[in-house]
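Observations on chain architecture
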Amino acid sequence: METYSQVSTVGVLLDFGSRHELEQYTVPSTKKTVSTAGVNHLMELLAFNSTKNYDGTEIRNILETLGGATFAQSSREQMMYCVDVLRPNVNEAFNLLGETVQSPIVQEIEVEEMKQVIMFQTMDMMPQVLMGEGLQLAAYGPMDGKLQQLGRPHFCTADALPNLTADSVHAFREQHLLNNPEGIVVSGSGISHDALVELAEANFGHMTSNKSDSAKTTIPSIYTGGEYRLQTEPSPHSAKEEFTHIAVAFEVGGWHSLDLVPTCVLQTLLGGGSSFSAGGPGKGMYSRLYREILNRHRWAESAEAFTSFHAESGLWGISGSCPPQFGREMATTIVQQFDKLANDFVTDEELDRA
């Protein structure tokens, strides 16, 4: 997209994610068995480190000289690598992006460093993130004793961490990326379409598809419904206020469903947020959850509608947090909101605002 901005953003979206991880995977080229559980979390942290032509320090120095900033993010279905850079330097930045995607030198020392980071992240993971993981585990529970793809943990667990090695990364990349150019999407902002196509051809045009290695590995998950509870020890810091976090969700269609847009409109209509709005006066204050939960109940710390979409299925629901002694009231209040939606029409005013 050409925006004529002085800053260009270029990114690569890859067609794989944590749903494709396996506890055991035998690499066809080496016949070696490795675990790829948690590898997307690891690859996100390893992004823009050593490649075939540069070590990690050189890449960081080059990007600093170019006026660039990098970003990598993994999800259950995609991985994204992105660079923001001053417009005159977009060619050099895209070349580094291409190297990061295609030819990283994943060294064991880098893997061990990032595993330490994951360990610390796991110890200090926000309750909202843990609740999101729990929703997926409950919604897409095991079938025939095996985890479903959408019911897999997205973030690397403490049990999976010791099994991750550089071979895990190489195996996952060989299975899902190196022989699968059809699974690469290049996007850009602040750059002309023709220039972006030229850069994409130069960096990725030589890749060839090997259908035997890049066979589709997405197995549709079936919504099972269920319940997930996680109880944590109280914080040793008496000054830190603790909350109970509750979420209730229902299955909706996935990205290709005709209900996608109505679901998003309903999410906006319900709205919500935290009891303190940091976005300025009036931000979201007229959404239904602000009016009927946050402004009515002093114990409500947050109440918010959410969605989570995937290829074949999705979740839509309401989450909330409150002091532990008001957990029953919060659960009841959330269910009452669903009951109201089921039995009463939304007003024209609410719909127009959403």
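What this report covers is the structure whose coordinates are included nearby. Note that this is a predicted model, so its numbers are computed, not measured. (Residues numbered from 1 in each chain as written. Predicted model: local features only at pLDDT ≥ 70, side-chain atom pairs only at ≥ 80, totals over all residues. Heavy atoms only, no water.)

A look at the packing of aromatic side chains
The relation between two aromatic rings is expressed through the spacing of the ring centres and the mutual angle of the planes. Under the criterion given, the structure shown has nine aromatic pairs. Centroid distance Trp 299 to Phe 326: 5.9 Å. Interplanar angle 10 degrees. Geometry classified as stacked. Of this pair, Trp 299 sits in the loop between α9 (288-294) and β9 (302-309) while Phe 326 sits in the loop between β10 (314-322) and α10 (327-343); the two residues are 27 residues apart in sequence, bridging distant segments of the chain. Residue classification places Trp 299 among the buried positions, given a relative accessible area of 10%. (Phe/Tyr/Trp six-rings, centres within 6.5 Å; stacked < 30°, edge-to-face > 60°. Helix = DSSP H or I, 4+ residues; strand = E, 2+ residues; numbered from the N terminus. Buried < 20%, exposed > 50% of the residue type's maximum accessible area, 1.4 Å probe, protein only.)

What to know about empty space enclosed by the protein
With the rule as written, the count across this model stands at one cavity of 30 Å³ or more. Considering only enclosed or pocket space, the largest cavity measures out at about 150 Å³ in volume. Lining the largest cavity we find 15 residues, and of these Leu 46, Ala 47, Thr 100, Pro 104 and Val 106 sit closest to its centre. Mapped by element, the contributors of at least two residues to the lining of the largest cavity are α1 (39-46) and α6 (166-176). Partitioning the lining of the largest cavity into residue classes produces nine nonpolar, four polar and two charged. (1 Å grid on protein atoms, 1.4 Å probe; cavity = no way out; pocket = protein on both sides within 12 Å on 5 of 7 lines; lining within 4 Å. Points joined across faces, edges and corners; volume = space filled by probe spheres on them. Nonpolar A, V, L, I, M, F, W, Y, C, P; charged D, E, K, R; others polar.)

Some remarks on the packing of α1 against helix α4 (residues 108-123)
Packed helices, taken two at a time, are described by the angle their axes make and the gap between the axes. One way to put it is that α1 packs onto α4 with a least axis distance of 10 Å and a crossing angle of 110 degrees. Relative to α4, the element α1 lies roughly perpendicular. Where α1 crosses over α4, the handedness of that crossing is right-handed. Contacts from His 41, Leu 42, Leu 45 and Leu 46 in α1 reach Glu 110, Val 111, Met 114, Val 117, Ile 118 and Gln 121 in α4. Across the contact of α1 with α4, the residue classes break down as seven nonpolar, two polar and one charged. (Axes fitted to C-alpha atoms, helices over the stretch in contact; angles between N-to-C directions. Parallel < 35°, antiparallel > 145°, perpendicular 65-115°, else oblique. Left-handed = near helix turned anticlockwise from the far one by under 90°. Contact = heavy atoms within 4.5 Å.)

As for the sheet that holds β10
Taken in spatial order, the four strands of this open sheet run β7-β10-β9-β8, and their pairing is antiparallel. Each of the sheet's edge strands pairs with one partner strand only, and the pair in question is β7 (244-252) and β8 (272-274). Taking the axes of each pair of neighbouring strands and ignoring which way they run, one obtains an average angle of 30 degrees across the sheet. Judged from the eight bridges that link them, β9 and β10 form a sheet pairing that is antiparallel. Looking at the pairing, Thr 307 lines up with Trp 316 of β10. Strand contacts of helix α5 (residues 127-139): β7, β9 and β10, with the helix running at about 40 degrees to β7, the strand carrying the most contacts. Across the face of the sheet, α10 comes into contact with β7, β9 and β10 while running at roughly 140 degrees to β10. (Pairing = 2+ DSSP bridges.)

Topic: the layout of surface pockets
If you add up the space inside the largest pocket, you get close to 2000 Å³. Of all the secondary structure elements, the ones that give two or more residues to the lining of the largest pocket are α4, α5 and β7. The element that contributes the greatest number of residues to the lining of the largest pocket is α5, accounting for 10 residues. Among the residues making up the lining of the largest pocket, the classes are represented as 26 nonpolar, 12 polar and nine charged. Taken together, 30 residues make up the lining of the second largest pocket; nearest its centre are Gln 128, Gly 132, Phe 306, Thr 307 and Ser 308. Secondary-structure elements contributing two or more residues to the lining of the second largest pocket are α5, β7, β9 and β10. Each residue belonging to the lining of the second largest pocket can be placed in one class, and the counts come to nine nonpolar, 16 polar and five charged.

Focus: the nonpolar core
If you look at the biggest cluster of nonpolar residues, it comprises 43 residues, and the most contacted ones within it are Val 10, Leu 14, Leu 42, Met 43, Tyr 81, Val 83 and Leu 97. Sorting the residues of this core by element identifies β1 (7-14), α1, α2 (56-66), β5 (79-86), α3 (90-102), α4, α6 and α7 (193-204) as the ones contributing at least two each. The contacts of Met 43, once residues within four sequence positions are left out, are Phe 16, Met 79, Tyr 81, Val 169, Phe 172 and Arg 173. Among the nonpolar cores identified, the runner-up in size contains 21 residues, and Leu 260, Ala 305, Cys 322 and Phe 326 belong to it. (Core = buried A, V, L, I, M, F, W, Y, C linked by side-chain atoms within 4.5 Å.)

Digging into the pattern of salt bridges
Pairs may arise between side chains of opposite charge once their charged atoms sit close together. Counted by the stated rule, this structure contains 12 salt bridges. A salt bridge links Glu 77 to Arg 19; the shortest N-O distance between them is 2.9 Å. Note that Glu 77 is positioned in the loop between β4 (69-74) and β5 and Arg 19 in the loop between β1 and β2 (25-26), a separation of 58 residues in sequence. A residue is classified by how much of its surface remains accessible, and Glu 77, at 7% relative accessible area, is buried. Among the residues examined, Arg 19 registers a relative accessible area of 1% and is labelled buried. (Salt bridge = Lys/Arg side-chain N within 4 Å of Asp/Glu carboxyl O.)

With respect to the environment of Glu 174
Assignment of secondary structure puts Glu 174 in helix α6. Residue classification places Glu 174 among the partly exposed residues on the basis of a relative accessible area of 23%. In this structure the C-alpha to C-alpha distance between Glu 174 and Pro 28, which are 146 residues apart in sequence, comes to 9.2 Å. Separated by 3.0 Å, the side chains of Glu 174 and Ser 29 make a polar contact. (Polar contact = N/O pair within 3.5 Å; in protein donor to acceptor, adjacent residues only side chain to side chain.)

Structural measurements only, silent on function.
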